[in-house]
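# Examination of the molecular architecture
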Amino acid sequence: MATESFVLKVLDVVEETADSRSVVFERPAEQAELFDFKPGQFLTVAVPSDQTGLAARCYSLSSTPADDALKITVKRTVDGYASNWICDNLQPGDTLRVLPPSGIFTPASLDTDLLLFAGGSGITPVISIAKTALAEGSGRVVLLYANRDESSVIFAEELRALAEQHAERLTVVHWLETVQGLPTPPHMKAFAAHFATYEAFACGPGPFMKGVIGALKELEFPRDRRHQEKFVSLAGNPFGEVEEVAVAAGEIYEAEHEAGETPDSEGASSDPGAPQGPVHVEVELDGQHHTFDDWPADKPLLDHLLAKGIPAPFSCREGNCSACAFRLLEGEVKMEENDILDDEDIADGIRLGCQALPTTDVVKVTYS
Ligand SMILES: Cc1cc2nc3c(=O)[nH]c(=O)nc-3n(C[C@H](O)[C@H](O)[C@H](O)COP(=O)(O)OP(=O)(O)OC[C@H]3O[C@@H](n4cnc5c(N)ncnc54)[C@H](O)[C@@H]3O)c2cc1C
């Protein structure tokens, strides 16, 4: 089940640049399917900490789904805890606890033309998308990759080799601050204007992403052809309590039924806009259709699905990583926290499962 964490063995640690390292994990043979992933997805790792027990952090996979091993690439954050711990401590033979791959920063089809923007360590999910599309898809791939200087370019050699191997389909444009200064929104707009029919993916520092997304909006790239991945640190701990939360939620529900309470009592809410009884919810996930008539109005959809044994995806459970995002097909929910979805995501019906409380009596959603 996606709620479980697993201990992976470190096969190799590769120094990519002076301040970034890749960590290569063995794919767990017994959980092979759980560790299948889509290009652009990430692992959540548990970095040991004397202070807090562990610090949970997400790291995008820079390897491709077809590779034998799982590789993440970590850039040191100045004064950061987890990134420096990983770069300073992990050695081949060590182990690390991880949650299986997650995330929605991935192309729906590998055959579309892709316009990729990466800044610094933002190349990690982007190179996985590029390599997979070139190996398995048929479209063109254009990459604008911004870095401080030549020595800070992660995967420089690999990109050179890919561009040589796929000269007809891949164009890589390096943007070095030392040479050209910072890439500004007008630069990005002028660049993207040549590829107005492509599907765009952007990952990098905040101002870089803001510039890219702003440019794409001005060029009227529709929402479903604009994707971004935000690199934020999780404040909470999705490890450890996971199993207990899932079981406890189910037990509470059963206990109340045994005690003769109606589901209404649990579903009732002081919010006048909330449904007064439990909600009918239909969920499409991994090609399966699930229907429940007992979603309490005060329980996030993710918690309800996990309690029912449905392996709904999640990571931070705090409304800031989007691993649990779904699309509304019918009805409405409200979110307690949302640090990741923008107004257009909301307008498109995207919501966060970990924060979603029903506000209508019937809700239908899809995770596809
Ligand atoms: C979907 C996603 C994908 C990502 N992919 C990548 C990627 O591919 N590559 C990459 O480099 N980054 C990636 N990131 C960013 C990454 O998750 C971290 O945010 C980044 O590495 C910075 O983490 P840090 O702990 O080093 O720094 P910070 O989060 O800035 O560390 C400081 C924090 O750690 C806490 N802290 C300090 N000391 C301790 C201690 N002893 N114990 C516990 N906590 C402590 C402090 O409270 C402080 O809040 C991704 C993020 C997301 C959401």
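In case you missed it, the structure is sitting above this.
All values reported here derive from a predicted model rather than from experimental measurement. (Residues numbered from 1 in each chain as written. Predicted model: local features only at pLDDT ≥ 70, side-chain atom pairs only at ≥ 80, totals over all residues. Heavy atoms only, no water.)

Right, let's talk about the site of the ligand for a bit. Ser-49, Cys-58, Tyr-59, Ser-83 and Ser-233 are the nearest of the 23 residues found near the ligand. Between the ligand and Tyr-59, the relevant distance is 2.7 Å, taken from an oxygen atom to a side-chain nitrogen or oxygen of the residue. Between an oxygen atom of the ligand and a side-chain N or O atom of Ser-83, the distance comes to 2.6 Å. A total of 990 Å² of accessible area belongs to the ligand in isolation, and the protein chains cover 78% of it. Mapped by element, the contributors of at least two residues to the shell around the ligand are β3 (42–49), β4 (53–60), β5 (70–75) and α1 (82–89). Looking at which element gives the most residues to the shell around the ligand, the answer is β4, with 4 residues. Residue classes in the shell around the ligand are distributed as 8 nonpolar, 11 polar and 4 charged. The two domains that each donate at least three residues to the shell around the ligand are domain 1 (6–102) and domain 2 (114–229). (Near = heavy atom within 4 Å. Polar contact = N/O pair within 3.5 Å; in protein donor to acceptor, adjacent residues only side chain to side chain. Areas by Shrake-Rupley, 256 points an atom, 1.4 Å probe, with all protein chains shown as cover. Helix = DSSP H or I, 4+ residues; strand = E, 2+ residues; numbered from the N terminus. Nonpolar A, V, L, I, M, F, W, Y, C, P; charged D, E, K, R; others polar. Domains from an automatic or database assignment.)

What follows covers the packing of aromatic side chains. The tally for this structure, following the rule as stated, stands at 6 aromatic pairs. Residues Phe-117 and Phe-191 carry aromatic rings whose centres are separated by 6.2 Å and whose planes lie at 75 degrees to one another, so their mutual orientation is edge-to-face. Within this pair, whereas Phe-117 is found in strand β7 (residues 114–119), its partner Phe-191 is found in helix α5 (residues 185–192), the two being separated by 74 residues in sequence. Among the residues examined, Phe-191 registers a relative accessible area of 17% and is labelled buried. A ring pair is formed by Phe-191 and Phe-195, whose centres lie 5.5 Å apart and whose planes are at 50 degrees; its orientation type is tilted. There is no split in this pair, since Phe-191 and Phe-195 are both buried. Cluster of aromatic residues (ring-pair linked, three or more members): Phe-117, Phe-191, Phe-195 and Tyr-198. (Phe/Tyr/Trp six-rings, centres within 6.5 Å; stacked < 30°, edge-to-face > 60°. Buried < 20%, exposed > 50% of the residue type's maximum accessible area, 1.4 Å probe, protein only.)

We now examine the pairing of strand β18 (residues 362–366). Regular strands place side chains that alternate from one sheet face to the opposite one. Sheet analysis places strand β12 (residues 279–285) next to β18, joined by 5 bridges and oriented parallel. Bridge pairing in β18 links His-280 to Val-362. When strand β14 (residues 325–330) meets β18, the two strands line up antiparallel, connected through 3 bridges. Its bridge partner lying in β18, Glu-330 is registered against Lys-364. (Pairing = 2+ DSSP bridges.)

With that out of the way, let us pick up the nonpolar core. With 27 residues, the main nonpolar core has Leu-301, Leu-305, Phe-326, Val-365 and Tyr-367 as its most contacted residues. Setting aside anything within four residues of it in sequence, one finds Leu-301 in contact with Val-281, Trp-295, Phe-326, Gly-353, Ala-356, Val-365 and Tyr-367. Leu-110, Val-141, Phe-155 and Leu-159 belong to the second largest nonpolar core, which has 24 residues in total. (Core = buried A, V, L, I, M, F, W, Y, C linked by side-chain atoms within 4.5 Å. Contact = heavy atoms within 4.5 Å.)

An ideal rise of 1.5 Å per residue puts 20 Å on 14 residues; helix α2 (residues 123–136) measures up with 19 Å between its terminal C-alpha atoms. Those residues of α2 lying buried are Ile-123, Thr-124, Pro-125, Val-126, Ile-127, Ser-128, Ile-129, Ala-130, Lys-131, Thr-132, Ala-133 and Leu-134. (Expected span 1.5 Å × (residues − 1).)

On the secondary structure map, Thr-106 appears in the loop between β6 (95–102) and β7. For Thr-106, the side chain forms a polar contact with the main-chain oxygen of Pro-39, separated by 2.7 Å. What Thr-106 contacts, discounting residues up to four positions off in sequence, is Lys-38, Pro-39 and Phe-201.

This paragraph deals with the sheet that holds strand β11 (residues 226–229). Two modes of strand pairing occur in sheets, parallel and antiparallel, and in both the strands are linked by backbone hydrogen bonds. Read across the sheet, 5 strands follow the order β9-β8-β7-β10-β11 without closing on themselves; strand pairing throughout is parallel. A single partner strand is all that each edge strand has here, and the edge strands are β9 (170–176) and β11. For this sheet, the mean inter-axis angle between neighbouring strands, taken without regard to orientation, is 15 degrees. Alignment of strand β8 (residues 141–147) against β9, held across 7 bridges, turns out to be parallel. Its bridge partner being in β9, Val-141 is matched across the sheet by Leu-170. Of the strands in this sheet, β7, β8 and β9 are in contact with α5, which crosses β7 at around 155 degrees. (Axes fitted to C-alpha atoms, helices over the stretch in contact; angles between N-to-C directions.)

This paragraph deals with the packing of α5 against helix α6 (residues 206–218). Running from N to C, α5 and α6 point in directions that differ by 50 degrees, and their axes come no closer than 8 Å. Between α5 and α6, the angle falls in the class oblique. Read as a crossing pair, α5 and α6 show a hand that is right-handed. Touching Pro-185, Met-188, Lys-189 and Ala-192 of α5 are Phe-208, Gly-211, Val-212, Ala-215, Leu-216 and Glu-218, all from α6. Looking at the contact of α5 with α6 residue by residue, the class counts come to 7 nonpolar, 1 polar and 2 charged. (Parallel < 35°, antiparallel > 145°, perpendicular 65-115°, else oblique. Left-handed = near helix turned anticlockwise from the far one by under 90°.)

Structurally, the position occupied by Ser-60 is in strand β4. Residue Ser-60 is classed as buried on the basis of its relative accessible area of 5%. Discounting chain neighbours no more than four positions away, the residues touching Ser-60 are Gln-41, Phe-42, Lys-71, Ile-72, Thr-73, Thr-124, Pro-125 and Phe-231.

Interhelical geometry of α2 versus helix α3 (residues 156–165) gives an angle of 25 degrees and a closest axis separation of 12 Å. Classed by the angle they form, the pair α2 and α3 counts as roughly parallel. Crossing handedness for the pair α2 and α3: left-handed. Two secondary-structure elements touch here, α2 through Ile-123, Ile-127, Lys-131 and Leu-134 and α3 through Glu-158, Leu-159 and Leu-162. Of the residues assigned to the contact of α2 with α3, the class counts are 5 nonpolar, no polar and 2 charged.

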